[in-house]
Every structure is written in structure tokens, then in C-alpha cells.
Amino acid sequence: MDTVIPAPGAVSGATPATAPGAHPVNATVAPLFQPFAFGRHILANRVVMAPMTRNKSPGGVPGEDVVAYYRRRVRGGVGLLITEGTYVNHPAANGYPQVPAFHGEAALAGWKRVVDAVHEAGGRIIPQLWHVGVARRAGVEPDPAVPGYGPSAIVDNGVEVVRAMTQADIDAVIAAFAQAAADAERIGFDGAELHGAHGYLIDDFFWEKTNQRTDAYGGSLENRVRFAVEVVRAVRAAVSPDFPIVFRFSQWKGGDYGAKITQTPEELGRILTPLAEAGVDVFHVSTRRYWEPAFDGSPDTLAAWTKRLTGKPVIAVGSVGLDDAFKVGMFANRDAFEVKPTDVDQAAQALARGDFDLLGVGRVLLSDPDWAIKVRDGRVDQVIPFDRASLDRLVV
Ligand SMILES: Cc1cc2nc3c(=O)[nH]c(=O)nc-3n(C[C@H](O)[C@H](O)[C@H](O)COP(=O)(O)O)c2cc1C
């Protein structure tokens, strides 16, 4: 029986990972290997696998290799897995070939096999629920005739490549997110993450550049947050109170690393407070370098500001364990590259200081599924670098 702890957070009186019987933990990273209460469950440690898209689900259905891929990361010591982005039930939700759907009997049965395997291996897992918004173009599956959908239309060379969403479209997408979250709980996931980052649909509403609406969803910051708040409310109503809702957001966009949806901590609060009130349990703060100051005049990171402004647990992410940042260009540019592993002592200290609660780890878990165990044991020198081959394989 799992312990029921409604609010996520540090586990008081829980057995530390250094207790007799547990594996000894390298002292400099010990804060990362403390348990953490997450909904109905206790995560074994603070290491979270960041969501990373794979194009390995033909017809939108995750198969046995996807099962093996996630199970492998549990065996490697990750406390919580966030799946690759998986698209909700709306005709324009997907933007890429062979990424997994999160609707329909076959896709959900595939996901259930993933969940069961992860649980059997002793891990915890949540799906990243996704609508790609303005990133979609006609020609992509499932129905190539469907263009992109976003807050505002985008016209390219006289062709409308992204359609402005009507109120009916907005309502349909909100309902699709809610259904996906309900399905996530029904098939046994341990929570759900909403993808509100990187220039995809929810973030498209946040950002002035992609949201030029003049109705209740555009203009002021309060209006630009409205769509996200309505999604969170609908999701909250569709799942149990102790089913954690994680909300991922970012300043940066795939096509613009310098983009900002908020210029000041005060503006950040005006986005995050209504989201927290609507039912977000954990914020996942996506940055390319987790340690960078978020705003002029303060050394504090976006994760630290988020924690301070909302009082909610926070996942920080960005270049953990690697000496160079995530680049969108690495997908299209075929050049060889190698990114070297680093230690994570600073990240462990930042967590211990209370800047954030959980540590998101992306690329280095592609190249080395045993990263968490090696870090725990003080064997960072044995971590496999992230290189072209590990990206191309998105390895099992
Ligand atoms: C191959 C790949 C696919 C990614 N796909 C997603 C995705 O589906 N959803 C998402 O929110 N972020 C995605 N990201 C971003 C990662 O979640 C993470 O934020 C980024 O890689 C920075 O973390 P890192 O420096 O530890 O790699 C992806 C990153 C990579 C490398």
C-alpha cells in the first residue's frame, strides 16, 4: 500500500536514502537522493527524467521498444519519469512524425504497458500532455490536410499555415486536455504534466508575438494566461484531488532562446499565481541553463522565483550534468558533436538551499541511462558523454 500524502513536498521522517540497508550515497550529491512526496506516492529521489520527444511510435502507438526505453531509465535510478510529449485528442495537436498519441484505444493500451513496466521496476511516471499549436504545418500526421492552430493566424507567402482558434476550438482543446488527464489517471500514471513551454499551444497564448487576439484570451497578461488557467481548471476537475498536475513553462522558445513571456518577477507572479490557484501542484521550470539569473537586478533563477512566488514545489532543468546547453539546431544539423559530462555538486547545493525541489535531467539520460546511479555512487567520471549517436538512437 502506498502512503497517501495529498500535497507534494519533502517527506518528514521518511527513511533517508543513506539509511542502513540503502545504497551509500556520495556526500556531495546526497540532497538529490532524498525521497519526495508526490501525490499518492513517495519518489525514491529527486532525479526527474525531462520529457524528450522520440519518433518511435508509428501510428501514434507506443510499442515494446518504448516500454523498454522507459523501464531502462527506472533501472538506472531515475526517481520520476516524464514521458516524451504525447498529443491530446485534437486534429491539430500533433506536429511531428511518429510521435505518440494520448487518445484512442491502441495508443492508451501502449501507454498502459509502459506504466505497468515502470511500476514493476519500482519507478514512477507521468505523461507530458501536448498540443503543438503554431508549430504544426499541414502535411503532418494524423490528417495531413489539417493546418496548424494557434491563438492568431500565421500567413506564410500568402498561405494561411496556422488558423486562429475560435471559441469552439478553444473549448475543444480544453476538453481534450481534461480527457487526456482523466485517461492518464485511469490507466495508472502517477500524475500528468501539461506542456506549457517552448512555443507550443499553451505557451503561444502566453506570448505576445504569437497571441495578437483582441478578445478575452489576448492583450493583457491576465488575458493571455486565461487559456492555460482554463486548461488547468478542467484538468483539475477531471482527476482526483491527490493526482498531481505538473505545469511546464519556459521563457525561451524553440525558435528564439532570448524570448520572454515575463520581463519582471512581478509579471511572473501574474502568470503563475492564477495557475497555482487553478490547481497546479508542481511547476516545471524549463531553462537551458538552470543556474542563470532570471531577471536583471537579482541573482535568483527562474526556478527560485517560481518557488518563492507560488510556494509550490519546483522542478529545475537545463544543462544538468553536461557542459553545454540544449540546442534545437542539433536535430537538423548533421555534424558530429560531443557534450562532456560534469559533476552536479552545485545543483545538489542549490536544491539543498531550497532553490528547487526536483532536478530535471534530459540529454545525459539519453546517452547514459545509468546516470543517476553513477552520480549517486560518485562515478561521474564513468558517465557516457552525450553525442550525435545517442541523439540519433534515442537509445534503449
Ligand atoms: C531529443 C530531445 C527531445 C525533447 N523533447 C521535448 C519534449 O517533448 N517536451 C519538452 O517539454 N521538452 C523537450 N525537450 C527539452 C528537454 O526536456 C530539456 O528541457 C532540455 O533537453 C534541457 O535539459 P538538458 O540540458 O538536461 O538536456 C527535448 C530535448 C531533447 C534533447
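The shown structure was predicted, so the numbers you read here are calculated from the model rather than taken from an experiment.

Caption draft 1: Just the site of the ligand, in detail. Taken together, 19 residues sit near the ligand, with P51, T53, R248, S319 and R363 positioned nearest. The separation between an oxygen atom of the ligand and a polar side-chain atom of H195 is 3.0 Å. Across the complex, the protein chains shield 96% of the 600 Å² of accessible surface that the ligand would expose by itself. Those elements giving two or more residues to the shell around the ligand turn out to be β10 (192-198) and α8 (329-332).

Caption draft 2: Layout of the packing of helix α1 (residues 64-75) against helix α2 (residues 105-120). It is at 9 Å that the axes of α1 and α2 come closest, and there the two elements cross at 25 degrees. Considered as vectors, α1 and α2 are oriented roughly parallel to each other. Handedness of the crossing formed by α1 with α2: right-handed. Residues E64, V66, V67, Y70, R71 and V74 of α1 pack against W111, R113, V114, A117 and V118 of α2.

Caption draft 3: Inspection of the pairing of strand β5 (residues 80-87) at higher detail. In terms of burial, β5 is a largely internal element, 8 of the 8 residues being buried. Pairing geometry for strand β4 (residues 47-49) and β5, over 2 bridges, is parallel. Following the sheet pairing, V48 is matched in β5 by L80. Of the strand pairs in this sheet, β5 and strand β6 (residues 125-130) are connected by 5 bridges, and their pairing is parallel. Along β6, the bridge assignment pairs T86 with L129. After leaving β5, the chain enters α2 and then returns to the sheet as β6, a path that is right-handed.

Caption draft 4: Summary view of the side chain of D183. Within the secondary structure, D183 sits in helix α3 (residues 167-186). When its relative accessible area of 9% is taken as the criterion, D183 is described as buried. A distance of 3.0 Å separates polar atoms of two side chains, one belonging to D183 and the other to R186.

Caption draft 5: Fine view of helix α9 (residues 345-353). Within α9, the full set of buried residues consists of A347, A348, A350 and L351. Down the axis of α9, the sector holding all buried residues measures 160 degrees, keeping them to one side. Exposed and facing more than 90 degrees away from the buried side of α9 are Q346, A352 and R353. One or two positions beyond α9, positive phi appears at G354, with a value near 95 degrees.

Caption draft 6: Focus on the sheet that holds strand β7 (residues 148-150). One open sheet holds the 3 strands; their spatial order is β7-β9-β8, and the pairing between them is mixed. Looking at the sheet topology across the chains shown, the edges are occupied by β7 and β8 (154-156). Shown here is a sheet whose adjacent strand axes are inclined to one another by a mean of 25 degrees, direction ignored. Here 3 bridges tie β7 to strand β9 (residues 159-164), and the two strands are oriented parallel to one another. In the sheet register, Y149 faces β9, and the bridge partner there is R163.

Caption draft 7: Looking closely at the packing of aromatic side chains. A full pass over the atoms with the stated rule returns 19 aromatic pairs. Plain terms: the ring middles of W130 and Y200 are 5.2 Å apart, the flat faces sit at 90 degrees to each other, and that makes the pair edge-to-face. Residue W130 is found in strand β6, and its partner Y200 is found in the loop between β10 and α4 (201-206); the two are separated by 70 residues along the sequence. For W130, a relative accessible area of 2% gives the class buried. On the basis of relative accessible area, Y200 is assigned to the buried category, the value being 14%. Each ring, one from F205 and one from Y217, has its centre 6.2 Å from the other, and the planes form 70 degrees; the classification is edge-to-face. Note that F205 is positioned in helix α4 and Y217 in the loop between α4 and α5 (221-238), a separation of 12 residues in sequence. Across the ring face of Y69, the terminal group of R54 is positioned such that the distance to the ring centre comes to 3.6 Å.

About the criteria used
Residue numbering note: each chain is counted from 1, following its sequence as written. It should be noted that, the model being predicted, local features are given only for residues of pLDDT at least 70 and side-chain atom pairs only at 80 or more, the latter also being counted only at that level, while totals for whole chains, interfaces and linings use all residues. Remark: hydrogens and water are excluded; side-chain values derive from all non-hydrogen atoms of the structure. Throughout, the term near means that a residue has one or more heavy atoms lying within 4 Å of the molecule or strand in question. Polar contacts here mean pairs of N or O atoms no more than 3.5 Å apart (in protein, one a potential hydrogen donor and the other a potential acceptor; neighbouring residues in sequence count only if both atoms are side-chain atoms). For the area figures, the Shrake-Rupley method with a 1.4 Å probe applies, and any residue is considered shielded solely by the protein chains shown. In this text, helices come from DSSP runs of H or I with a minimum length of four residues, and strands from runs of E with a minimum of two, each type numbered from the N-terminal end. To obtain an axis, a line is fitted to C-alpha atoms, over the contacting stretch when the element is a helix, and the angle between two such axes runs from 0 to 180 degrees between their N-to-C directions. We call two directions roughly parallel when the angle between them is under 35 degrees, roughly antiparallel when it is over 145, roughly perpendicular when it lies between 65 and 115, and oblique otherwise. In this scheme the crossing of two helices becomes right-handed for a clockwise turn of the near helix relative to the far one and left-handed for an anticlockwise turn of less than a right angle. Throughout, a residue-residue contact means that at least one pair of heavy atoms, one from each residue, lies within 4.5 Å. When accessible area is computed with a 1.4 Å probe and restricted to protein chains, residues below 20% of their type maximum are described as buried, those above 50% as exposed, and intermediate ones as partly exposed. Two strands are said to pair when DSSP picks up at least two bridges between them. By convention a crossover is right-handed if, when the strands point away from the viewer, the path from the first strand over the helix to the second runs clockwise. Within this analysis, the arc is defined by the directions that extend from the helix axis to the C-beta atoms. Centres within 6.5 Å are what make two rings of Phe, Tyr or Trp a pair, Trp counting through its six-membered ring; a difference in plane orientation under 30 degrees is then read as stacked, over 60 as edge-to-face, and the rest as tilted. Any Lys NZ or Arg CZ that is within 6 Å of a ring centre and within 35 degrees of that ring's normal is treated as a charge sitting over the ring.

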